[in-house]
Structures are given as structure tokens and as C-alpha cells.
Amino acid sequence: MNISVIGTGYVGLVSGACLADMGNHVFCLDMDAAKIASLNAGRIPIYEPGLESVVRRNREAGRLRFSTEVSASVAHGVLQLIAVGTPPGEDGSADLQYVLQAAREIGRRMEDYRVIVNKSTVPVGTADKVRAAVQSELAARGKTVPFGVVSNPEFLKEGAAVEDFKRPDRIIIASDDERATALLHELYAPFQRNHERMMVMGVRSAELVKYAANAMLATRISFMNELANLAEALGADIEEVRKGIGSDPRIGTHFLYPGAGFGGSCFPKDVRALQRTAEDAGWPLRVVAAAADANEVQKHVLGAKIRARFGEDLRGRTFALWGLAFKPPTDDMREAPRLTLIADLQAAGAKVRAYDPVAKPTVEGVTLAASAQEALQGCDALAIVTEWAEFRSPDFAAVKRALTTAAVFDGRNLYDPAMMRGLGFEYFPIGRKP
């Protein structure tokens with residue numbers, strides 16, 4: 001099947017590469033000429049396990065192309081997958097300018113039947129706007145060309161996106177066009193050979209599903225963070241509490257790990273967009289609002305622990321930071337809680353030395369180290385904010401020797417408190433007895 005993917009960001013690049021891996025001929029369009037040149041040179045702009053080999057294999061096989069040519073993209077695929085960004089506006093709403101621009105470009109150029117597939121995370125009602133944008137461009141041309149609009153939200157986890165796309169737990173399709181629905185069934189057939197994963201539903205329901213899923217997960221994280229703070233205040237251990245409530249099958253064990261707050265490209269943005277949608281509809285989501293507020297507070301918890309131990313004035317002190325990405329295995333730092341921690345430490349006068357195995361950003365005032373051990377040299381204490389595997393079992397004796405004060409502030413609860421005490425560390429986890 002010939003497929004055009006508009007946007008080579010996280011969703012577009014993963015989707016295009018994985019669809020090409022199933023034998024489809026995929027044309028990936030992006031107006032960023034530098035990005036297209038980089039992709040055509042074999043350089044992947046994001047870190048995602050397994051993606052580079054999939055892209056390389058399909059480029060070499062001639063099934064995956066990258067271009068800035070809009071007309072060629074519209075002419076190539078019966079399926080036109082829109083996977084552009086929907087950044088938050090000042091009021092928290094999703095900015096649809098890139099989605100609607102993509103729709104208009106299709107309308108300006110299409111000559112035969114096309115199916116416009118919304119894969120971008122968009123608010124309820126976007127499919128109607130996309131349809132109107134395409135129809136308006138066709139009317140301006142004096143053309144009558146049939147087309148369908150489908151909502152097909154993505155559910156890719158950063159760090160496991162290739163696996164998620166190839167082995168989806170659900171494929172949601174929303175369409176009132178039988179021909180379009182049949183084409184989507186054909187497209188996704190290779191990904192559901194052992195059992196049917198496709199759910200066909202109303203367009204507005206499909207548009208709400210993605211926001212609802214992310215808001216539910218974000219709320220669960222914030223609840224556990226709040227509970228961890230309470231457990232700490234009461235002298236309880238959140239790890240014991242987690243096991244106790246997670247054993248209830250109605251609750252389960254997923255997303256019950258407290259930490260320094262959630263971040264990334266999806267949860268914060270989608271929570272705000274859902275809140276805005278709810279407010280516009282006259283039904284504000286008070287639970288979701290509370291989860292967002294709790295998350296902002298949680299981002300400051302680790303910094304508060306450090307100041308409680310070393311004092312409010314941290315001038316002359318340097319702290320090691322293990323982890324910069326919002327989670328492993330990704331290099332994504334968007335809205336990562338560690339950015340808040342860095343700002344809190346710098347506001348108190350401290351310096352920061354940081355190490356991350358993958359994320360190598362330029363952060364003002366932060367010295368980047370080449371290894372976890374190097375980051376510790378001459379530092380007053382260590383703060384852990386991303387649970388990379390290499391941080392789980394370090395050389396504790398070497399860690400202790402490198403630090404001026406043998407103090408570890410663990411925003412991911414990687415270690416056993418009793419073990420850390422036995423090794424001579426001051427240990428400050430989240431919601432556990434230190």
C-alpha cells in the first residue's frame with residue numbers, strides 16, 4: 001500500500017518506519033529541510049530503541065522516503081497520515097494550526113480519493129475541522145473529489161515505541177466512511193494476526209480516548225506521589241503500601257511507583273488540553289486539575305529535601321545529578337522534573353554536575369559529565385531523578401569516596417533504605433523510611 005505520513009517527529013517517524021517494515025511504500029513529508037536532509041543522510045533526530053535499524057533497513061529497500069515535496073506526498077498515498085505537533089497554547093489548549101495546514105495542503109492538491117488520518121493527539125471536534133478545511137480547499141478549486149477523514153490516535157510509549165507500534169494492545173479507528181475503514185483494516189492487518197485488536201468507534205469518542213488515557217495515568221502517578229508524601233509524614237513506607245494496594249486486582253501494580261513528578265511530551269500537554277476542553281464544554285475535570293497541581297508541587301519535593309539537609313543557602317555547594325531525560329530509555333527532556341530540581345538548586349546558589357547515558361542537552365549553568373562516577377567528583381551529595389539501569393547497582397564504595405557528604409537523594413526509590421544506612425549513607429527516598 002502507498003502511504004504518506006505528514007510530519008517526521010516522534011509519532012510520524014516511528015509510524016512511517018514501522019509501516020514500511022510491513023512492506024508498505026511510505027513517503028514521509030516534513031517542511032523542515034534540515035531534518036529531511038539529516039534523515040536522508042541516515043541520522044535519526046530522536047533516540048528510540050530499535051528505530052534506527054528499522055529506518056535504515058527500509059530506506060535501503062526503497063520502501064521509506066523522506067522529502068519536503070508536498071505535491072509528491074499528496075500524490076503518493078491514498079492514506080494521508082497527519083502526525084504533526086499540537087503544541088499547547090497559552091491557555092493550555094492544543095494548537096491545531098499544523099494539523100489544519102496539513103489538511104488544507106491535501107485539499108489544494110488531491111485529484112483522487114484520499115483518506116486523511118488524524119494520528120496527532122487532538123481535541124474532540126478536530127475531525128470536523130479537518131473535513132471542513134479539506135472541503136473548503138476543494139470548493140475554492142471548483143473540484144468535487146471524494147475523501148474520508150479518520151481518527152486513529154497513537155498509543156506509543158517513549159522508549160518502547162517500535163515495540164508498541166508492532167505489537168499494539170489496541171488499534172482505535174473512527175470513521176463514517178466504509179471505504180476508509182476497510183483501508184485501515186488492511187493497513188493494520190499485519191499487526192493483529194493472532195487476535196483482533198481493532199476497535200471501531202465514533203469519531204468524538206476516539207478523539208477523547210487518548211486524552212482520557214493519559215489523564216488517567218497522570219492522575220494515578222500524582223495519587224501515588226501524594227500518598228508517598230503522606231506515608232513519609234506518618235512514618236509509613238510507601239513501598240509496603242504500594243504492594244498492599246497493588247495486590248488488589250481492581251487496582252493492579254502498574255503506575256504505582258512514586259517519584260519526583262511526571263514529565264515528557266505527552267502527559268503534561270495532554271492533561272492541560274483535556275482540562276481546557278472540559279472547561280470549554282462546561283464540565284471542568286476537578287480530579288484532573290488536582291492531579292496537575294499535585295504534580296507541580298511534587299517536582300519541588302527533592303529540592304526541598306536537599307535544602308532541609310544542607311540549608312536554604314546552597315552557595316558554595318555542588319550537587320551531582322544522575323539522569324536528565326524524563327524517563328529511560330529516551331533522550332526526551334521536555335517538561336522533565338529534573339529541570340525543576342536544577343532551577344531550585346540554582347536559585348539557592350548551588351552548582352550542578354549532571355550525567356545522563358543518552359540525553360546530552362545544553363542546560364545553562366549545568367556541567368555535563370561523561371560518566372556517572374565523573375559527575376560525583378567534588379560534589380556535596382547525589383540526586384537521582386531518572387531510573388536508568390546503570391544507576392541501579394553502582395559501586396557504592398566509589399560513590400561514597402567521591403562525595404563530600406555521603407548523602408543520596410533518591411527521586412526514584414532505587415535502593416533499599418536499610419542497605420544504604422548499612423553502607424554509611426544518609427539516604428533520602430520518596431515516601432520511605434530513610
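Residues numbered from 1 in each chain as written. Predicted model: local features only at pLDDT ≥ 70, side-chain atom pairs only at ≥ 80, totals over all residues. Heavy atoms only, no water.

Student: I tried to follow the overall build of the protein on my own but got confused; where do I start?
Tutor: Across its full length, the protein holds 17 helices and 14 strands. Radius of gyration (C-alpha) of the protein: 24 Å, near the 22 Å computed for a compact globule of 434 residues. Along the first, second and third principal axes, the C-alpha set of the protein runs to 75 × 50 × 45 Å. By residue count, 53% of the 434 residues in the protein fall in the buried class. Put simply, of all contacts in the protein between residues at least 6 apart along the chain, 72% involve residues at least 24 apart. For the protein, the computed accessible surface area is about 18,900 Å², with 53% contributed by carbon and sulfur atoms. (Helix = DSSP H or I, 4+ residues; strand = E, 2+ residues; numbered from the N terminus. Rg over C-alpha atoms; globule rule 2.2 N^0.38 Å. Buried < 20%, exposed > 50% of the residue type's maximum accessible area, 1.4 Å probe, protein only. Contact = heavy atoms within 4.5 Å. Areas by Shrake-Rupley, 256 points an atom, 1.4 Å probe, with all protein chains shown as cover.)

Student: Just to check I follow, could you spell out the side chain of T8 for this structure?
Tutor: By the element assignment, T8 lies in the loop between β1 (2-6) and α1 (10-21). Among the residues examined, T8 registers a relative accessible area of 1% and is labelled buried. A distance of 2.8 Å separates polar atoms of two side chains, one belonging to T8 and the other to D30. The residues contacting T8, other than those within four sequence positions of it, are L13, C28, L29, D30, K35, I36, L39 and F66. (Polar contact = N/O pair within 3.5 Å; in protein donor to acceptor, adjacent residues only side chain to side chain.)

Student: How should I be thinking about the packing of aromatic side chains in this particular structure?
Tutor: Two measures describe an aromatic ring pair: the distance that separates the ring centres and the angle between the ring planes. Overall, the coordinates contain 13 aromatic pairs when judged by the stated rule. A centroid spacing of 6.1 Å and a plane angle of 70° characterise the contact between F396 and F425, whose relative ring orientation is edge-to-face. Linking F396 in helix α16 (residues 396-402) with F425 in the loop between α17 (417-422) and β14 (426-428), this pair joins segments that are 29 residues apart in sequence. Members of the aromatic cluster, each reached through a chain of ring pairs, are F310, F319, F409 and F428. (Phe/Tyr/Trp six-rings, centres within 6.5 Å; stacked < 30°, edge-to-face > 60°.)

Student: Would you explain the environment of A406 in this entry?
Tutor: Residue position: A406 is located in the loop between α16 and β13 (407-410). Take A406: its relative accessible area is 16%, and that puts it in the buried class. With 337 residues separating them in the primary sequence, A406 and E69 have C-alpha atoms 57 Å apart.

Student: Is there a simple way to explain the sheet that holds strand β2 (residues 25-29) in this structure?
Tutor: Either a parallel or an antiparallel arrangement is found when strands of a sheet pair, and the pairing is made through backbone hydrogen bonds. Across the sheet, which stays open at both edges, the six strands sit in the order β3-β2-β1-β4-β5-β6 with parallel pairing between neighbours. Two strands close off the open sheet at either side, each with one partner strand: β3 (64-67) and β6 (147-151). Within this sheet the neighbouring strands show an average axis-to-axis angle of 20°, counted without direction. Of the strand pairs in this sheet, β1 and strand β4 (residues 79-82) are connected by four bridges, and their pairing is parallel. Across the sheet, residue V5 finds its bridge partner in β4, namely L81. (Pairing = 2+ DSSP bridges. Axes fitted to C-alpha atoms, helices over the stretch in contact; angles between N-to-C directions.)

Student: I keep staring at the packing of helix α13 (residues 301-310) against helix α14 (residues 337-347) and nothing clicks. Help me out?
Tutor: Working note: a packed helix pair is described by the angle between its axes plus the distance between those axes. It is the contact of α13 with α14, at a shortest axis distance of 8 Å, that shows an interaxial angle of 30°. For the element pair α13 / α14, the angle class is roughly parallel. As α13 runs across α14, the sense of the crossing is right-handed. Seen from α13, the contacting residues are L302, G303, I306 and R307; seen from α14, they are L341, D344 and L345. Here the residues of the contact of α13 with α14 are counted per class, giving four nonpolar, one polar and two charged. (Parallel < 35°, antiparallel > 145°, perpendicular 65-115°, else oblique. Left-handed = near helix turned anticlockwise from the far one by under 90°. Nonpolar A, V, L, I, M, F, W, Y, C, P; charged D, E, K, R; others polar.)

Student: Honestly, helix α5 (residues 97-109) in this entry has me stumped. Any pointers?
Tutor: In an α-helix there are 3.6 residues to a turn, and that puts residues three or four apart on one side. For α5, built from 13 residues, the straight-helix expectation of 18 Å at 1.5 Å per residue is met to within 8% by its first-to-last C-alpha distance of 19 Å. Considered for burial, the residues of α5 that qualify are V99, L100, A102, A103, E105, I106 and G107. Where α5 is buried, its residues meet β1, α4 (70-76), β4, β5 (114-118) and α6 (126-141). (Expected span 1.5 Å × (residues − 1).)

Student: I tried to follow helix α3 (residues 51-60) on my own but got confused; where do I start?
Tutor: Buried within α3 we find L51, V54, V55 and N58. The arc enclosing the buried residues of α3, seen along the axis, measures out at 95°, which places them on a common side. Where α3 is buried, its residues contact α1, β3 and α7 (161-166). Where α3 terminates, the next one or two residues include G62, which has phi positive at roughly 80°. (Arc of directions from axis to C-beta.)

Student: Would you explain the nonpolar core in this entry?
Tutor: Side chains that are nonpolar tend, in soluble globular proteins, to be buried together. Core analysis: the largest hydrophobic core is formed by 55 residues, its most contacted members being I306, L321, W322 and Y415. Setting aside residues up to four positions removed in sequence, Y415 forms contacts with W322, I384, F391, R392, P394, F396, V408, D410, M420, Y427 and R432. L51, V150, A161 and L183 belong to the second largest nonpolar core, which has 39 residues in total. (Core = buried A, V, L, I, M, F, W, Y, C linked by side-chain atoms within 4.5 Å.)

Student: What's the story with the pattern of salt bridges in this structure? I'm lost.
Tutor: Pairing is possible between side chains of opposite charge, provided their charged atoms come close. According to the stated counting rule, one finds 26 salt bridges in the structure shown. Between K166 and D21 there is a salt bridge, and its shortest N-O distance comes to 2.5 Å. Taken together, the residues K166 in helix α7 and D21 in helix α1 connect sequence positions 145 residues apart. Its relative accessible area of 22% is what places K166 among the partly exposed residues. One continuous salt-bridge network, built from bridges that share partners, spans E105, R108, R109 and E137. (Salt bridge = Lys/Arg side-chain N within 4 Å of Asp/Glu carboxyl O.)

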